Amino acid sequence: MKQIYLDNAATTQVDKKVIEVMQPYFSEKYGNASSQHLKGQEAKRALEESRSVIARSIGARSDEIIFTSGGTESNNLALKGLFFANKGTGKNHIITTKIEHDCVMNACKWLEEQGARVTYLNVDEQGFVDPEDIRKAITPETLVVSIIHGNNEIGTIQPIGEIGRICREKQVYFHIDACQSYTKARINVKKQNLDFVTLNAHKIHGPKGVGALYIRDGVKIEPLAHGGRHEKNLRSGTENIPGIIGFAKAVKTSRNSDIKKMEKLRDKLINGILKIQNTNLNGPKDENRLCNNINVCFNNIEGEAIGGYLDAYGISSSTGSACSSHTLESSHVLKAIGLSDLQANTSLRLSLSKFNKEEEIDYVLEVLNKVVGKLRRMSPVK
Ligand SMILES: Cc1ncc(COP(=O)(O)O)c(C=O)c1O
């Protein structure tokens with residue numbers, strides 16, 4: 001049976017070109033980047049070249065990039081590191097939104113137990129936070145505004161340029177979680193006044209377990225892991241050289257034409273699905289939507305049931321973020337845009353990658369029509 005992977009917001013297939021450049025760093029080039037000998041220096045060179053690739057891609061300097069184990073760690077390091085570096089200064093207020101990824105939500109909840117005050121801002125029915133709400137929420141105690149750039153469930157791309165201007169004007173730090181938007185939406189740390197940017201590799205055809213945190217030059221954070229003083233003493237631990245090399249290659253192989261391709265497939269899939277009766281799109285329907293995100297409610301039938309049938313047809317989909325799929329709670333993101341628990345449970349997320357093809361979309365639409373028709377016939381509520 002053919003396999004169609006439409007869960008790229010959870011993770012992506014590692015690009016063959018990425019695997020190719022990683023390979024030698026497992027076999028012959030296995031040095032530790034902290035070692036002084038040739039093998040170590042070879043690893044160190046590769047590490048620094050990769051750092052400059054990541055830095056350039058967001059308009060940063062190489063020494064402003066710290067490698068981590070992924071988005072979760074980068075988000076935790078940014079928020080907790082900043083909070084602990086400012087302990088005792090009276091700056092203990094964090095502003096975020098109700099549609100953050102669990103790793104920001106749960107880091108904020110934990111920080112509340114450590115004495116932080118956190119404001120979780122509302123978003124509108126398409127998932128946008130109003131920059132003016134951010135301005136109003138800022139107080140003299142505010143330390144940082146932390147916003148998810150591209151939403152992992154409904155694809156909303158936030159107006160970070162505008163938010164960045166407000167944060168700089170009010171002199172509060174601005175952190176974005178760009179795991180879903182990286183290489184898909186514009187990120188420029190100078191033009192958008194960003195102080196922290198969370199990035200990871202596995203959403204962009206790189207390996208799992210690798211990420212980065214941009215920390216603007218001069219901004220102080222407290223490290224969370226103490227050890228051998230790697231990564232400017234902000235993230236101790238022997239660097240994952242093969243992973244980091246793969247991360248940089250994934251960035252180098254991403255193309256603007258991939259975005260255009262995904263947008264075209266996304267719109268075809270959205271328009272095709274919306275022709276099915278009693279469906280509606282979650283998230284925006286314009287250029288402020290991630291090029292690879294589709295999230296739809298098939299009213300009166302459960303998203304889980306559709307996903308199960310799609311799987312049987314070889315199509316991988318999701319009903320929410322992969323991280324929270326083990327809980328039975330309905331999505332906090334869908335609830336934040338105004339859906340009831342019942343409606344939220346009828347949602348299905350399909351997320352594309354540069355590897356998807358137009359004929360796959362035709363097949364998915366054909367299967368969806370069949371499956372939804374069948375489930376609707378079985379459902380007591382039409
Ligand atoms: C928006 C967002 N932030 C953070 C993460 C966590 O990243 P990682 O899986 O690299 O820890 C993810 C991925 O699940 C994500 O989509």
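Residues numbered from 1 in each chain as written. Predicted model: local features only at pLDDT ≥ 70, side-chain atom pairs only at ≥ 80, totals over all residues. Heavy atoms only, no water.

## Observations regarding the domain arrangement of the protein
According to the domain assignment, the protein contains domain 1 (4-12 + 255-378) and domain 2 (16-253). A C-alpha centroid distance of 27 Å is found between domain 1 and domain 2. Domain 1 puts 33 residues into the contact, and the matching count from domain 2 is 32 residues. Roughly 2700 Å² is buried in total at the junction of domain 1 and domain 2, and carbon and sulfur atoms are behind 53% of that figure. Counting every contact that joins domain 1 to domain 2 gives 16 residue pairs in polar contact (both at pLDDT 80 or more). Only α9 (256-274), β10 (293-298) and α11 (332-336) provide two or more residues apiece to the side of domain 1 that touches domain 2. The element that contributes the greatest number of residues to the side of domain 1 that touches domain 2 is α11, accounting for 4 residues. Residue classes in the side of domain 1 that touches domain 2 are distributed as 13 nonpolar, 14 polar and 6 charged. (Domains from an automatic or database assignment. Contact = heavy atoms within 4.5 Å. Buried area = accessible area lost by both parts, 1.4 Å probe. Polar contact = N/O pair within 3.5 Å; in protein donor to acceptor, adjacent residues only side chain to side chain. Helix = DSSP H or I, 4+ residues; strand = E, 2+ residues; numbered from the N terminus. Nonpolar A, V, L, I, M, F, W, Y, C, P; charged D, E, K, R; others polar.)

## What to know about the pairing of strand β7 (residues 196-200)
Extensive coverage of β7 is indicated by the burial of 5 of its 5 residues. Judged from the 3 bridges that link them, strand β6 (residues 173-177) and β7 form a sheet pairing that is parallel. Looking at β7, one finds that Ile-176 is bridged to Val-197. Direction of pairing for β7 relative to strand β8 (residues 211-215): antiparallel, over a ladder of 5 bridges. (Buried < 20%, exposed > 50% of the residue type's maximum accessible area, 1.4 Å probe, protein only. Pairing = 2+ DSSP bridges.)

## Digging into the pattern of salt bridges
In total, this model carries 19 salt bridges according to the counting rule given. For Glu-132, the salt bridge identified is with Arg-135, shortest N-O distance 3.2 Å. In this pair, Glu-132 and Arg-135 both sit in helix α5 (residues 131-137), 3 residues apart, roughly one turn of the helix. Lys-335 is the salt-bridge partner of Asp-341, the closest N and O atoms lying 3.1 Å from each other. (Salt bridge = Lys/Arg side-chain N within 4 Å of Asp/Glu carboxyl O.)

## Concerning the sheet that holds strand β5 (residues 142-148)
Note on sheets: strands pair through backbone hydrogen bonds, and any given pair is parallel or antiparallel. One open sheet holds the 7 strands; their spatial order is β2-β8-β7-β6-β5-β3-β4, and the pairing between them is mixed. The open sheet is flanked by β2 (65-68) and β4 (117-121), the only strands paired with a single partner. Across the sheet, the mean angle from the axis of one strand to that of its neighbour is 20 degrees, orientation sign disregarded. Looking at chain direction, strand β3 (residues 93-97) and β5 are connected through 3 bridges and run parallel. Considered in β5, the bridge of His-93 is made with Thr-142. Packed on one face of the sheet, helix α2 (residues 38-57) meets β2, β7 and β8 and runs near 110 degrees to β2. (Axes fitted to C-alpha atoms, helices over the stretch in contact; angles between N-to-C directions.)

## Some details on unusual backbone geometry
The residue Asn-193 is not glycine, and still its phi comes out positive at about 55 degrees. Locating Asn-193 in the fold gives a position in the loop between β6 and β7. With a phi angle near 50 degrees, Glu-231 is a residue other than glycine that sits in the positive phi range. Counting through the fold element by element, Glu-231 comes out in helix α7 (residues 230-233). You can call Glu-231 buried: its relative accessible area is 6%.

## Examining the packing of helix α3 (residues 71-85) against helix α4 (residues 102-113)
Relative to each other, α3 and α4 sit at 25 degrees, their axes nearing to 9 Å. One finds that α3 runs roughly parallel with respect to α4. Where α3 crosses over α4, the handedness of that crossing is right-handed. Of α4, the residues touching α3 (which contributes Gly-71, Thr-72, Asn-75, Asn-76, Leu-79, Lys-80, Phe-83 and Phe-84) are Cys-103, Val-104, Ala-107, Cys-108, Trp-110 and Leu-111. In terms of residue class, the contact of α3 with α4 is built from 9 nonpolar, 4 polar and 1 charged. (Parallel < 35°, antiparallel > 145°, perpendicular 65-115°, else oblique. Left-handed = near helix turned anticlockwise from the far one by under 90°.)

## Side note on the pairing of β8
Within β8, 5 of the 5 residues are buried, which leaves it mostly tucked inside the rest of the structure. Residues Gly-211, Leu-213 and Ile-215 of β8 are buried on one face, and the alternating residues Ala-212 and Tyr-214, pointing to the opposite face, are buried as well. Pairing of β2 with β8, which is carried by 4 bridges, proceeds in the antiparallel orientation. Within β8, the residue paired with Thr-68 across the bridge is Gly-211.

## What about the packing of aromatic side chains?
The full count for this structure, using the stated rule, is 5 aromatic pairs. Centroid distance Phe-83 to Phe-84: 5.3 Å. Interplanar angle 80 degrees. Geometry classified as edge-to-face. Among the residues examined, Phe-83 registers a relative accessible area of 3% and is labelled buried. Measuring from centroid to centroid gives 6.2 Å for Phe-84 and Trp-110, while their planes differ by 65 degrees, and the two rings are edge-to-face. Highlighted residues: Phe-84 in helix α3 and Trp-110 in helix α4, separated in sequence by 26 residues. Here the aromatic residues Phe-67, Tyr-182 and Phe-247 are joined through ring pairs into a cluster of three or more. The residue whose ring lies beneath Lys-2 is Tyr-363, and the NZ or CZ to ring-centre distance is 4.3 Å. In this arrangement the basic side chain of Lys-39 is found over the ring face of Tyr-30, its NZ or CZ atom lying 5.0 Å from the centre. (Phe/Tyr/Trp six-rings, centres within 6.5 Å; stacked < 30°, edge-to-face > 60°. Lys NZ or Arg CZ within 6 Å of the ring centre and 35° of its normal.)

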